[in-house]
Amino acid sequence: MQQDTVHTSLQQHELPIIDDLIISDTDQVASRPLTPYQVLRALPPDATPAQQDSAIQAWFQPKEIRYSEQPDTLHLPGHGPGRSLKDVNLPQYYRENFFSNDSLLHPEISGGRYGVAGAPVPYTIRGDNMFTSLLLLCIVLFVVSIANSQRFIANQLKDFFYMPNYNDQMVETMGEVRFQLFLVLLGCLLFSISSYSYVTTYVGDTFLFDDDFLLISLIFGCFVGYFLLKWLLYRLVNVVFYKGSNKVLQWDRSFLFIGALEGSLLFPAVLLQVYFELSIQNVTYYYVFVITITKLLTFYKSWTIFFRQNGMILQNFLYFCALEITPLLIFTRALLMMVDSLKINF
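Cut-offs applied
- Sequence order as written defines residue numbering, which begins from 1 separately in each chain.
- Where local features are concerned, this predicted model is filtered to residues with pLDDT of at least 70; where side-chain atom pairs are given and counted, the filter is 80 or more; whole-chain, interface and lining totals use all residues.
- Side-chain measures were taken over the full set of non-hydrogen atoms in the model, leaving aside hydrogen atoms and water.
- In this text, helices come from DSSP runs of H or I with a minimum length of four residues, and strands from runs of E with a minimum of two, each type numbered from the N-terminal end.
- Think of it in three bands: with a 1.4 Å probe and only protein chains considered, a residue is buried below 20% of the maximum accessible area for its type, exposed above 50%, and partly exposed in between.
- Any two residues whose heavy atoms approach within 4.5 Å are treated as being in contact.
- Working definition of accessibility: Shrake-Rupley area with a 1.4 Å probe, residue cover restricted to the visible protein chains.
- Any residue with relative accessible area above 30% and no salt bridge may belong to a patch, with like charges joined within 9 Å and the nonpolar Val, Leu, Ile, Met, Phe, Trp and Tyr side chains within 5 Å.
- The rule for a salt bridge is simple: a side-chain nitrogen of Lys or Arg has to be within 4 Å of a carboxyl oxygen of Asp or Glu.
- In this description, a nonpolar core means a group of buried Ala, Val, Leu, Ile, Met, Phe, Trp, Tyr and Cys residues linked to one another through side-chain atoms lying within 4.5 Å.
- Working definition: rings of Phe, Tyr and Trp (its six-membered ring) pair if their centres are within 6.5 Å, and the pair is stacked with planes under 30 degrees apart, edge-to-face with planes over 60 apart, and tilted otherwise.

(A) Looking closely at the overall build of the protein chain. Along the backbone of the protein chain there are 11 helices and two strands. Across the protein chain, helices and strands are ordered from the amino to the carboxyl terminus as α-β-β-α-α-α-α-α-α-α-α-α-α. Within the protein chain, the proportion of its 346 residues that are buried is 31%. Contacts spanning at least 24 positions in sequence make up 68% of the contacts within the protein chain whose residues lie at least 6 apart. When the accessible surface of the protein chain is split by element, carbon and sulfur atoms take 63% of a total near 23800 Å².

(B) How the structure looks around a nonpolar patch on the surface. On the surface, Ile313, Leu314, Phe317 and Leu318 cluster together to form a nonpolar patch covering roughly 420 Å² of accessible area. Among the structural elements, Leu318 can be located in helix H11 (residues 313-342). In this structure Leu318 comes out as exposed when scored by relative accessible area, which is 52%.

(C) The arrangement of the nonpolar core in detail. With 38 residues, the main nonpolar core has Ile125, Leu183, Leu186, Leu190, Ile193, Phe223 and Tyr287 as its most contacted residues. Sequence-distant contacts of Ile193, that is, excluding residues within four places in its chain, are made with Ile125, Phe131, Leu135, Val270 and Val274. Among the nonpolar cores identified, the runner-up in size contains eight residues, and Trp251, Phe255, Ile305 and Phe306 belong to it.

(D) Representation of the packing of aromatic side chains within the structure. Summed over all chains, the structure comprises 19 aromatic pairs. An angle of 85° between the planes, with centres 5.4 Å apart, marks the rings of Phe191 and Tyr287 as edge-to-face. You can see Phe191 sitting in helix H7 (residues 174-203) and its partner Tyr287 sitting in helix H10 (residues 280-307), a full 96 residues away along the chain. Of the residues examined, Tyr287 reaches a relative accessible area of 8% and is grouped as buried. With a centroid separation of 6.3 Å and 65° between ring planes, the pair formed by Phe306 and Phe307 is classed as edge-to-face.

Right, dumping it as structure tokens:
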């Protein structure tokens, strides 16, 4: 087993070198310390990297680094010596200077990005965790409610087109009423999401506040207020003209069922728009179709409940236009004015 001969030879023959000249042992010449370059040149040309490493370790011994403990005397004449920044009693104005916030002086402070900043990613509803969770919750509640209310829905559809005796009306439970109210609120939410998409596409995408969720919530509140005010308006007119009649309760149940049906029909279109990028134009066509169907059902139901016995088709038309079409046009105009007032015009 061979040993490294370089290490031994360097320890046995420590020859002083001056200006790359090897001096013999007999010459008593004071020399300055060798450099690593000079030590490596003293090795044979075929020395391996391991032998070179052994030579460097044999010639140079690491020493302990000792820092000076003397106080700093580099200060202005007439002023005392500077104080250490590690001193906890140091006032704040000692710590702050012109370069205090410079990222080159403090590596922990971000110095900004290099190059040109890219365009920010636009806001999308499918990228919003809150709306995604809300829609997922609505899907679960919608499926569970439909599964538990199949018999109620079948009876409502049958009684919708067949007018039973007013003295023998179907009584709804609180669970069935809550189910229909949930579908009405779901319809308001779906209307607000689609209205937000329409506004950001055709009206503008810069508003007085940066929070898109706040804008959707504001539109949702407008739709909830619209349906509530329309129901109150129907209730007021029906109580005045048909006070003490079962027709009022029959209309309330029909009005709630039509609103629930509208919310159910809008659900697939909104899901396709949010998660499968269905164009807003096709969604608008679908919404117009659903609204037209629900208005026709409302017109038919108001005729069968209030005006069928007397054959007053003209009165039914006036009733429908005054309580259904006019509020819809007023609400649409008010919603556009509100959005336009919130939009930032450049």
